Amino acid sequence: MFLINCPYCGERDQSEFSCGGEAHMVRPKQPTELSDDQWAEYLFMRKNIKGVQFERWNHAHGCRKWFNMVRDTSNDKIHAVYKMGEKPPVE
Amino acid sequence: MKNKYSIFSLIKNAFSQHENWKQAWGDPKPKREYEAIIIGGGGHGLATAYYLAKKHNMRNIAVLEKGWIGGGNTGRNTTIIRSNYLWDASAGLYDHALKIWENLSQELNYNIMFSQRGVVNLAHNLQDVRDLKRRTHANRLNGIDAVWLNTNQVKEFCPIINTSPDIRYPVLGGTLQRRAGTARHDAVAWGYARGADEMGVDIIQNCEVKGIKRNGDQVEGVETSKGFIKTKKIGVVAAGHSSVIANMAGLKLPLESKPLQALVSEPVKPIIDTVVMSNAVHAYVSQSDKGELVIGAGTDAYVSYTQRGSHDVVEGTLKAILELYPIFSRMKMLRQWGGIVDICPDASPIISKTNIKGLYFNCGWGTGGFKATPGSGDLFAHTIANDEPHKLNAAFNLNRFVSGDLVDEHGAAAVAH
């Protein structure tokens, strides 16, 4: 349980948000040319990092906008929040 | 058995004020090399070691545990055991486990307090009714006991449930598996540890795995907080930390680790003599032998390794509990905790070889692994010893995420895992 600083609305309770999983996973440009292994990699395989992870969040019970977040999954500390399309911060 | 527990040993030890019981398992230093190493000293890992030694005669093996045995999800779950899964592959897997549970106390000479008190799964809307009825039929075709109860029969079976049609999610019926029930989770870990130790398995606690050494496609050993240990076979049973170990070997798994919470109330006199689960409102409850209500809540919807979980999840579960059981409205909750569960996209486990030789994974049990502990250990031991899956866990391979042959219990079975 933690507070999230929505880039559009400001600080709100985490229960207002929904997590969209790992960020910066690019949808394949040519889906027809993907092998089964590549599809599995895109659809199912996850880094599932214990530590600093980049993820997508949605302010579902607020402005309903998507944004990115850098969070340490070992202690739920949020290091950075940035809008979609912005470059991820370098640690 | 060098230290068999019986009524006679109990009487004998009573004379010395129970101060001379032998340690149930040792505290060995790691050897330089083992035939196989199991990473993770929870129920599944200890069971794997036990069956490797017992059925496959692999005695020169070790279980490495980062903390203390049974201190992870084995000691954090709500101890529910059942096998009423929809698909054939799952039914085979979980009922294999249930059959072992039925004789496990005798086999281990250790009272795991297995209690077949029945598990009820409630239906709260018409789709639940259809799904659960379908599941009872599927169960019976697979030789698993299952009956459908209508609202009145649910009330008769568990009188404290509020079956009023006026509540937000009324009880429209439910399924009952009478062979299902609960067991004492700690005792399962301790019983397997004692059994494995007796056959010569080294159980090494406070030994964290820091790296996996590979030579090309073959594992060579593990780097640990107690030094390097050589081995040709590694079985990883690390639950929520499976991905962390996989990353050490340069492997990615289809898992997400999330906190799952449970809580217990103050102890009270017997009030509920069965286990009642409800998937739609995500609440399940049973009563421990100490008298505490054991309540299972849901997972947080984001990856976290914090072993605590969010307050709103517990709040949601208790709301549902209070609507279904108004009699609990003034109960006080004593403890709340979280365990990190590794969830697969299809909510079925992985008991599988990998494309690295000598590296095996038993993971992805998500929110419902305890019930499978003996079966999981047995089948994983078979997979490690023979380098081939048993027919009961063949469907639970890693390759299913490439082939698309998923065992999709999540959507289809209406099960609260």
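From a predicted model like this one, the values you see are computed outputs, not experimental measurements.

## Considerations on the overall build of chain B
Phase 1: Tallying secondary structure elements over chain B gives 11 helices and 20 strands in all.
Phase 2: In terms of overall size, chain B behaves like a compact globule, its C-alpha atoms giving a radius of gyration of 21 Å where 417 residues would be expected to give roughly 22 Å.
Phase 3: Based on the C-alpha atoms only, the size of chain B along its principal axes is roughly 65 × 65 × 40 Å.
Phase 4: The buried share of chain B, reckoned over its 417 residues, is 59%.
Phase 5: Sequence separation of at least 24 residues holds for 75% of the intrachain contacts in chain B that already meet a minimum separation of 6.
Phase 6: A total accessible area of about 17,100 Å² is found for chain B, and carbon and sulfur atoms account for 51% of it.

## Points about the packing of helix α2 (residues 43-56) of chain B against helix α3 (residues 88-108) of chain B
Residue and element names in this part refer to chain B.
Phase 1: Where α2 meets α3, the axes come as close as 15 Å, and the angle between the chain directions of the two elements is 75 degrees. Overall, the two elements α2 and α3 adopt an arrangement that is roughly perpendicular. Residue-level inspection shows Tyr50, Tyr51 and Lys54 of α2 in contact with α3, the latter providing Ile100, Leu104, Glu107 and Leu108.
Phase 2: When the residues that make up the contact of α2 with α3 are grouped by side-chain class, the tally is 5 nonpolar, no polar and 2 charged.

## Looking at the interface of chain A and chain B
Phase 1: Listed per partner, the contact involves 24 residues of chain A and 26 residues of chain B.
Phase 2: Of the roughly 2,100 Å² buried between chain A and chain B on both sides combined, carbon and sulfur atoms contribute 54%.
Phase 3: At the boundary of chain A with chain B, the tally comes to 1 salt bridge.
Phase 4: Of the charged contacts, one joins Glu41 of chain A and Lys252 of chain B as a salt bridge, the two residues approaching to 2.8 Å between their closest N and O atoms.
Phase 5: For the interface between chain A and chain B, the tally reads 13 residue pairs in polar contact (both at pLDDT 80 or more).

## Let's talk about a nonpolar patch on the surface
Residue and element names in this part refer to chain B.
Phase 1: A cluster of nonpolar side chains, Ile7, Phe8, Leu10, Ile11 and Phe15, forms an exposed patch at the surface whose accessible area comes to about 610 Å².
Phase 2: The residue Phe15 is located in the loop between α1 (7-14) and β1 (33-34) in this model.
Phase 3: Classification of Phe15 by relative accessible area gives exposed; the value is 70%.

## Description of the pattern of salt bridges
All names here are of chain B.
Phase 1: Evaluation of the coordinates by the stated rule reveals 21 salt bridges over all chains.
Phase 2: With its nearest N and O atoms 3.2 Å apart, the salt bridge here joins Arg179 to Asp95. Highlighted residues: Arg179 in the loop between β7 (173-177) and β8 (181-182) and Asp95 in helix α3, separated in sequence by 84 residues. Asp95 carries the same exposure label as Arg179, and that label is buried.
Phase 3: Three or more residues joined by partner-sharing salt bridges are found here, namely Asp95, Lys99, Glu102, Asp145 and Arg179.

## Examining the sheet that holds strand β17 (residues 293-299) of chain B
All names here are of chain B.
Phase 1: The strand order β6-β7-β5-β15-β16-β17-β14-β18 describes an open sheet built from 8 strands, whose pairing is mixed. Both edges of this open sheet fall to β6 (147-149) and β18 (333-343), since each of them pairs with a single strand only. For this sheet, the mean angle separating the axes of adjacent strands, direction not counted, is 20 degrees.
Phase 2: Its contacts with the sheet place helix α4 (residues 126-141) against β5 (119-123), β6 and β7, and it is angled at close to 145 degrees to β5.

Parameters and conventions
- Residues numbered from 1 in each chain as written.
- Chains lettered and ligands numbered in written order.
- Predicted model: local features only at pLDDT ≥ 70, side-chain atom pairs only at ≥ 80, totals over all residues.
- Heavy atoms only, no water.
- Helix = DSSP H or I, 4+ residues; strand = E, 2+ residues; numbered from the N terminus.
- Rg over C-alpha atoms; globule rule 2.2 N^0.38 Å.
- Buried < 20%, exposed > 50% of the residue type's maximum accessible area, 1.4 Å probe, protein only.
- Contact = heavy atoms within 4.5 Å.
- Areas by Shrake-Rupley, 256 points an atom, 1.4 Å probe, with all protein chains shown as cover.
- Axes fitted to C-alpha atoms, helices over the stretch in contact; angles between N-to-C directions.
- Parallel < 35°, antiparallel > 145°, perpendicular 65-115°, else oblique.
- Nonpolar A, V, L, I, M, F, W, Y, C, P; charged D, E, K, R; others polar.
- Buried area = accessible area lost by both parts, 1.4 Å probe.
- Salt bridge = Lys/Arg side-chain N within 4 Å of Asp/Glu carboxyl O.
- Polar contact = N/O pair within 3.5 Å; in protein donor to acceptor, adjacent residues only side chain to side chain.
- Patch = residues over 30% accessible without salt bridge, like charges linked within 9 Å, V, L, I, M, F, W, Y side chains within 5 Å.
- Pairing = 2+ DSSP bridges.

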